[in-house]
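# Observations on chain architecture
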Amino acid sequence: MAGLRRGGTWPAALALGLLAVAAALSYFYTEIRPTVIFGLRDDYAHAIPFQPVPAGLESIRAEDCGACHREIYDEWKTSVHADAYDDPFFQAYWEKDDRVWVCLNCHTPLANQQPTLIQSIPGNRVDKAVQVANPRYDAAYQREGVTCAACHVRDGVILGPFDDSAAPHPVKYDPAFRTTEVCHRCHSVVSGPLQFYRAGPCGTYAEYEGEFFMRERGFTCQHCHMPDVSRPAAANGPIRQGRRHLWRGGHDPDMVKRAVSIQVTTDPPAPVPGDTVEMTLKIINAGAGHTIPTGDPDRHFTVEFAVTDGEGRILREQRDTMGRWILWQPVILEVYDNRLRPLASRDYRFAYRIPEGRSDLAVDVRVRYHILTDGQHAMLRDSYGLQSDRPYRYTIYTRRFPLGAPADADAAPPVAKARTACAAPHTKATAG
Ligand code: HEC
Ligand code: HEC
Ligand code: HEC
Ligand code: HEC
Ligand code: HEC
């Protein structure tokens with residue numbers, strides 16, 4: 001009898017238990033730990049309000065601004081800002097995040113560019129926002145990503161850095177264009193509930209404040225990301241001191257090379273078979289006003305040493321990573337961050353004993369920059385429709401050091417240096 005009763009109770013208890021766990025998990029993920037990796041702050045919690053076309057213009061499309069601001073348009077068109085929506089990496093990640101609305105507030109920030117409008121955000125929770133269809137949504141305009149008007153058009157007026165323009169459209173001087181304020185909204189992200197980041201996921205701004213380049217040299221983001229230029233700001237206008245609209249960053253190998261200075265030394269300088277050679281690679285953040293890598297948490301550097309023989313076989317390998325490690329579940333916790341702050345440096349060491357009688361060996365030293373991790377890239381490709389063959393990692397430094405070659409007369413210690421900073425005269429630029 002007891003056995004019978006038990007037979008009836010155990011499965012029921014188990015089912016109840018499982019149900020309770022499911023309910024607790026669901027409560028945790030909907031009420032406590034948000035599914036979105038961003039917290040909300042007043043400014044980017046909302047789209048930039050709908051912008052009507054300023055008097056004197058036919059539209060606010062970038063291409064139409066380009067009729068008079070041709071060079072600026074051509075530059076912008078090649079920039080990551082112009083690609084912020086079509087960008088295949090963005091599209092794949094957005095797919096993974098169920099195309100949640102908040103991403104659009106930075107990637108296509110104007111209400112004119114968004115299919116829905118947010119009516120309210122109960123509890124300041126992204127996943128609880130109440131949305132309605134946007135009757136003025138312009139799908140072609142959405143594809144312009146961070147378009148001219150995102151920064152320049154407000155309430156029928158074009159805002160800019162000058163106070164004396166003679167333009168065919170209303171203009172207003174806005175001092176924010178000469179400060180980092182104009183970048184803050186999108187390049188500074190706050191953490192949400194149960195998220196413990198040191199600096200938010202795209203939080204370049206927070207890494208920059210109070211650092212050398214800003215404090216001692218008065219640099220803004222524009223100094224490095226929008227190089228200055230003298231030219232007419234508009235067709236047939238006077239020559240002005242303006243800025244190129246390029247915004248090069250992690251997608252541009254030359255820009256990344258500018259951030260770092262790399263030096264490799266070997267000890268002894270001319271090793272022979274039987275020696276243990278010790279190599280030191282020093283990497284300095286000589287040219288970025290913020291940590292390197294910055295922004296998106298996937299970004300990282302790898303520092304690689306590989307001993308190869310005459311046939312190209314790899315005998316020994318070492319690979320170190322510089323970036324941040326984040327535990328995504330069950331809460332977001334930044335476990336560790338070994339990125340380099342401005343002007344900081346780090347030594348990576350590698351030791352190898354050259355076998356007797358081998359003079360065909362060499363050490364290949366390589367530093368690579370990764371936009372995505374290999375794992376994330378594979379996941380986006382396999383599960384979220386990433387098709388692009390756009391590179392997601394590239395070599396920024398490589399050099400081969402022969403081991404145990406017969407001693408040369410001019411065997412100076414091999415010292416190699418990558419190009420130095422866009423703006424770092426404090427690092428002596430010696431030719432490598
Ligand atoms: C028909 C030509 C024309 C079109 C179209 C046009 N502009 Fe202009 N814009 C000008 C001229 C001319 C000036 C003044 C240049 C000067 O004084 O050096 C100007 C000035 C500016 C300035 C500087 C304002 C300041 O005072 O700091 C900005 C920014 C600007 N335009 C942005 C835009 C944007 C964005 C668009 C598209 C929405 C646009 N323009 C469309 C001709 C045009
Ligand atoms: C991400 C924000 C952003 C976007 C997008 C943007 N600009 Fe600018 N723009 C700036 C900033 C910042 C400056 C001020 C540069 C300076 O200090 O002179 C500027 C300056 C200008 C000027 C004044 C001349 C100059 O070179 O300083 C014009 C004209 C202008 N932008 C037009 C455009 C047009 C046209 C587009 C789209 C094709 C565009 N901008 C897109 C931020 C932006
Ligand atoms: C309206 C939002 C917005 C504003 C304002 C803005 N950005 Fe961006 N920025 C973005 C987004 C979104 C991306 C990433 C686009 C992508 O990769 O899909 C980006 C990318 C970049 C990148 C390139 C990163 C790479 O991966 O290569 C740089 C550099 C950059 N921004 C600098 C600036 C600077 C400097 C300013 C201020 C003058 C600024 N941005 C203002 C939204 C913005
Ligand atoms: C002293 C020059 C300098 C200053 C100042 C500077 N940057 Fe950078 N920035 C760089 C260099 C060089 C890189 C390339 C290295 C990299 O991508 O890690 C870079 C990379 C970036 C990237 C690309 C990150 C990615 O994910 O690929 C972004 C975004 C960015 N900067 C935004 C900003 C913003 C916003 C500011 C102002 C708060 C700023 N930068 C100030 C030099 C600078
Ligand atoms: C507060 C503004 C903001 C919001 C909200 C935002 N992003 Fe971004 N995103 C950026 C900026 C700025 C960058 C530029 C690079 C960086 O900081 O690394 C970027 C870069 C990216 C990149 C890297 C693109 C590349 O080519 O490497 C991806 C992917 C991305 N965002 C996806 C998303 C998704 C998905 C969401 C929504 C869940 C989202 N972003 C929400 C500002 C934002």
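Keep in mind that this is a model prediction, so the values were computed, not measured. (Residues numbered from 1 in each chain as written. Chains lettered and ligands numbered in written order. Predicted model: local features only at pLDDT ≥ 70, side-chain atom pairs only at ≥ 80, totals over all residues.)

Scanning the chain from N- to C-terminus turns up 13 helices and 17 strands. A separation of at least 24 residues holds for 66% of the contacts in the chain among residues at least 6 apart in sequence. (Helix = DSSP H or I, 4+ residues; strand = E, 2+ residues; numbered from the N terminus. Contact = placed C-beta atoms within 7 Å.)

On to the site of ligand 5, then. Lining the immediate environment of ligand 5, one finds 23 residues, of which Cys 103, Cys 106, Cys 202, Gly 295 and Asp 296 sit closest. For the shell around ligand 5, the secondary-structure elements that each account for two or more residues are helix H4 (88-96), helix H5 (104-107) and helix H8 (181-187). Among the elements that line the shell around ligand 5, the one with the most residues is H4, at 4 residues. When its residues are assigned to classes, the shell around ligand 5 shows 15 nonpolar, 5 polar and 3 charged. Two domains share the shell around ligand 5, each providing at least three of its residues, namely domain 1 (62-243) and domain 2 (253-403). (Near = placed C-beta within 6 Å. Nonpolar A, V, L, I, M, F, W, Y, C, P; charged D, E, K, R; others polar. Domains from an automatic or database assignment.)

Moving on, we get to the sheet that holds strand E9 (residues 260-267). Sheet architecture is open: 3 strands sit in the order E9-E10-E15, paired in antiparallel fashion. Of all strands in the sheet, those with a lone pairing partner are E9 and strand E15 (345-353), marking the two edges. The sheet shows a mean angle of 15° between the axes of neighbouring strands, taken without regard to direction. Pairing of strand E10 (residues 276-285) with E15 involves 9 bridges; the strand directions are antiparallel. Bridging from a neighbouring strand, Val 277 pairs with Tyr 352 of E15. (Pairing = 2+ DSSP bridges. Axes fitted to C-alpha atoms, helices over the stretch in contact; angles between N-to-C directions.)

Mapped onto the elements of the fold, Leu 40 is located in the loop between helix H1 (2-32) and helix H2 (62-65). Put simply, Leu 40 and Val 189 are 149 residues apart on the chain and 7.9 Å apart in space, counted from C-alpha to C-alpha. If near-sequence neighbours (up to four positions away) are discounted, Leu 40 is found in contact with Ala 45, Ile 121, Asn 124, Val 126 and Gly 192.

Right, let's get into the sheet that holds strand E13 (residues 324-327). Across the sheet, which stays open at both edges, the 3 strands sit in the order E6-E14-E13 with mixed pairing between neighbours. At either margin of the open sheet sits one strand with a lone partner, and together these are strand E6 (195-196) and E13. Both E6 and strand E14 (residues 332-337) contribute to a ladder of 2 bridges, which runs parallel. Residue Phe 196 lies in a different strand from E14, and its bridge partner there is Leu 333.

Attention now goes to the site of ligand 3. Taken together, 24 residues surround ligand 3, and among them Asp 87, Cys 183, Cys 186, Cys 221 and Gly 249 come closest. Of all elements in the fold, only H5, helix H7 (148-152), H8 and helix H11 (221-225) reach the threshold of two or more residues within the shell around ligand 3. Here the shell around ligand 3 gets 5 residues from one element, more than from any other, and that element is H8. Per-class residue counts for the shell around ligand 3 are 13 nonpolar, 8 polar and 3 charged.

This part takes up unusual backbone geometry. With an omega of 0°, the peptide bond running from Asp 267 to Pro 268 counts as cis. Along the polypeptide, Pro 268 turns up in the loop between E9 and E10. For the peptide bond that leads from Ile 292 to Pro 293, omega is -15°, which places it in the cis range. Within the fold, Pro 293 resides in the loop between E10 and strand E11 (300-308). The backbone of Asp 98 shows a phi angle near 55°, a positive value even though the residue is not glycine. Note that Asp 98 resides in the loop between H4 and H5.

In terms of nonpolar packing, the biggest core is built from 29 residues, with Val 260, Ile 262, Met 279, Leu 281, Ile 283 and Val 367 touching the most fellow members. Going through the elements one at a time, helix H12 (253-259), E9, E10, E11, strand E16 (361-370) and strand E17 (393-403) are the ones with two or more residues in this core. With residues up to four places along the chain from it excluded, the contact list for Leu 281 reads Ile 262, Val 264, Val 303, Tyr 348 and Val 365. Judged by nonpolar contacts, the second largest core, of 26 residues, contains Ala 62, Ala 111, Val 182 and Tyr 208. (Core = buried A, V, L, I, M, F, W, Y, C linked by C-beta atoms within 7 Å. Buried ≥ 20, exposed ≤ 12 C-beta atoms within 10 Å, placed from the backbone.)

Where E11 meets strand E12 (residues 314-322), 8 bridges bridge the pair, whose relative direction is antiparallel. Note that in E12 the partner of Val 303 across the bridge is Asp 320.

A separate point is the confidence of the model for the chain. Per-residue confidence for the chain gives a mean pLDDT of 87; residues scoring 70 or more make up 89%. With pLDDT under 50 throughout, residues 1-6 is counted as low confidence; its partners more than four residues away or in other chains account for 0 contacts. (pLDDT = per-residue confidence, 0-100.)

Residue class for Pro 293 comes out buried when judged on the 25 C-beta atoms lying within 10 Å of it. Remark: the alpha-carbon pair of Pro 293 and Arg 324, spanning 31 residues in sequence, is separated by 9.0 Å. Leaving out residues up to four positions away in the same chain, Pro 293 has contacts with Gly 250, Arg 299, His 300, Phe 301, Gly 323 and Arg 339.

Moving on, we get to the environment of Asp 296. Mapped onto the secondary structure, Asp 296 falls in the loop between E10 and E11. Judged by the 17 C-beta atoms lying within 10 Å of it, Asp 296 falls in the partly exposed class. The spatial distance from the C-alpha of Asp 296 to the C-alpha of Leu 372 is 8.9 Å, given a sequence separation of 76 residues. The residues contacting Asp 296, other than those within four sequence positions of it, are Pro 201 and Cys 202.

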